[in-house]
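Geometric and topological summary
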Amino acid sequence: MQNLSNEVWVFIEQRNGKPADVSLELLCKGRKLAGQLHGPLKAVVIGEDVKSIAADTFKYGANEVLLIQHKELKNYRTLPYSRILNDLIIKFSPRIVLFGATVIGRDLAPRVASNTKSGLTADCTELRIDSITYLGKECKDILLQIRPAFGGNIIATIITPDNPVQMATVREGVMELAPLEVPNKTKITEISFLPDPTDALVEIIEQFHQENIVNLKGAPVIIAGGYGLGRTNVFTAE
Amino acid sequence: MYNSIVLVKQVPDTANISGKVMKEDGTVNRSKLPAIFNHEDKVALELALQVKEKYGGKVTAITMGPPRASDILRECLYMGADEVFLISDRKFAGADTLATSYVLSEAINKIGNYHFIFGGRQAIDGDTAQVGPQTADKLNIPQVTYAEQIIDIKKNKVTLKRKIDGGHEIVRAALPVLITVIKEAADPRPFSAKRVMAYKGAKSLTDLEKLTEGNSLLYTDTLIHEYRERNLFISTLTMDDLELDVDRCGVKGSPTKVHKVESVVLAGGNQTMVEPTKDGIGTLIDKLMEDHILG
């Protein structure tokens with residue numbers, strides 16, 4: 001395989017104009033991976049009126065944003081979102097594409113991987129670029145995708161040696177959130193979106209959201225107890 | 001009338017690791033884990049059966065796996081499936097989700113005539129949740145993942161409640177559609193005793209071949225005919241039956257490869273046995289006080 005791309009892409013998940021934490025965490029990780037590949041980190045931002053999200057991504061290391069805005073794209077829907085990514089990936093063939101392992105990421109990434117015939121590894125706990133030998137073949141600067149499997153009883157390192165595009169999903173809170181001290185220069189490439197009749201095959205009738213009341217990730221101390229404690233009031237701090 | 005095809009998988013029971021499957025070094029001996037029916041797939045079958053009961057239609061269960069995966073197909077028959085298919089071929093071995101979804105989508109095309117494809121959200125061995133959406137993509141039909149309730153079906157559209165991060169949404173999808181379900185969607189019904197009696201003798205091609213092995217009085221073809229007549233033959237679809245592209249199956253068709261596997265060591269520390277006697281307890285208390293754990 002010749003002339004592999006050195007671009008790393010992160011799909012930025014958003015709701016009501018706010019980027020998901022996991023997407024920003026992935027930008028921080030993607031920045032390191034892109035650095036090792038000597039390539040750019042690009043954020044793919046899809047939605048309605050999401051330019052401010054695009055601006056946010058430069059604080060976390062994006063070098064360029066691929067921005068797709070349309071009123072039909074306000075809420076995530078599998079068919080239009082996957083069509084956009086399929087077209088972009090087939091056109092630009094990035095080396096790595098990262099998604100949050102959220103309900104959206106786990107709905108979208110496999111559909112895109114299938115369409116673009118890319119390798120996809122779910123729920124990675126670690127991502128690393130390294131050169132390895134696989135079945136006697138030198139694989140230079142390949143993405144090592146490390147994840148638990150078999151109900152957590154094994155830790156597997158997955159690679160995609162023969163494909164141009166390597167994809168992975170990562171859960172929220174796994175990668176460290178580390179904004180840049182000086183944000184990157186802004187570079188936004190707007191890409192047009194043409195609605196398609198197939199977009200209406202699945203319509204959203206209603207949505208209900210309840211924000212997490214307890215923010216475990218932001219808590220300085222977490223105290224956990226087993227079933228043997230019996231009651232919750234034993235946790236009362238003195 | 002709505003016909004459903006349900007994707008089911010036999011998985012190693014990774015949730016209940018007992019001492020019996022542990023190796024001496026504290027790692028799990030994966031080949032010794034009992035094989036079970038992936039629970040969320042059973043929930044998917046239950047939903048398909050409920051659709052059939054309410055609206056009429058046919059329920060077909062299919063699995064891709066080794067011959068012994070016919071165990072869970074028999075269980076599908078016990079629950080109420082009308083027909084089952086085992087998709088099995090040595091050339092399918094080592095498939096990742098992309099190669100698996102290719103084989104499944106071709107099998108679904110071969111079976112045809114469906115309104116719904118149901119499957120569990122994910123299987124407990126890989127937990128990837130990828131095969132559903134990848135199959136939907138190859139069939140070029142819409143998908144609804146994380147479904148937790150079918151609200152209604154009318155005019156060739158299904159209204160569903162599905163889980164999303166931090167809430168849920170109601171969606172309406174045109175048929176045919178692929179739906180993956182979470183465990184809250186339904187409680188799988190117990191096996192019907194009548195159906196167990198009727199189908200416990202259901203056999204796949206491999207099962208019948210085993211019967212004829214070393215018995216010159218039995219012929220596989222005759223047995224297949226006989227079992228089919230009695231509605232007890234579990235049809236097997238192989239690579240040739242499905243006219244598949246060999247380069248897209250098994251290890252060859254899988255872009256992802258396992259480079260390395262490290263077993264998680266579940267070994268405990270040193271153990272001391274305490275006799276359940278007054279003296280034993282006394283020794284335990286002394287020991288705990290000595291270590292400043294007590295007192």
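Everything below is about the structure shown above.
These notes cover the structure that comes with them. (Residues numbered from 1 in each chain as written. Chains lettered and ligands numbered in written order. Predicted model: local features only at pLDDT ≥ 70, side-chain atom pairs only at ≥ 80, totals over all residues. Heavy atoms only, no water.)

Here's the deal with the overall build of chain B
Helix and strand counts for chain B stand at nine helices and 13 strands. Referenced to the eigenvectors of the C-alpha coordinate spread, the extents of chain B come out at roughly 75 × 60 × 45 Å. Residue burial in chain B is summarised as follows: out of 295 residues, 48% are buried. Accessible surface computed for chain B: about 15000 Å², of which carbon and sulfur atoms make up 50%. When the 38 basic and 40 acidic side-chain charges of chain B are each reduced to a single mean position, those positions are 5 Å apart. (Helix = DSSP H or I, 4+ residues; strand = E, 2+ residues; numbered from the N terminus. Buried < 20%, exposed > 50% of the residue type's maximum accessible area, 1.4 Å probe, protein only. Areas by Shrake-Rupley, 256 points an atom, 1.4 Å probe, with all protein chains shown as cover. Lys, Arg positive; Asp, Glu negative; His and termini not counted. Charge placed at Lys NZ, Arg CZ, Asp CG, Glu CD.)

Digging into the packing of aromatic side chains
Counted under the stated rule, the structure contains eight aromatic pairs over all chains. Taking the centre distance of 5.0 Å and the plane angle of 75° together, the rings of Y76 of chain A and Y81 of chain A count as edge-to-face. Y81 of chain A shares its class with Y76 of chain A; the two are buried. Pairing Y2 of chain B with Y55 of chain B gives two aromatic rings, centres 5.7 Å apart and planes at 80°, and the pair type is edge-to-face. With Y2 of chain B in the segment before β1 (4-7) and Y55 of chain B in helix α1 (residues 39-55), this residue pair connects regions lying 53 residues apart in the sequence. (Phe/Tyr/Trp six-rings, centres within 6.5 Å; stacked < 30°, edge-to-face > 60°.)

Remarks on the nonpolar core
Note that soluble globular proteins tend to have their nonpolar side chains buried in a common cluster. If you look at the biggest cluster of nonpolar residues, it comprises 49 residues, and the most contacted ones within it are L45, F116, F118, V158, I179 and V181 of chain B. For this core, the element with the highest residue contribution is α1 of chain B, accounting for seven residues. Counting 30 residues, the second-largest nonpolar core is a separate cluster that includes A34, A43, V45 and Y60 of chain A. (Core = buried A, V, L, I, M, F, W, Y, C linked by side-chain atoms within 4.5 Å.)

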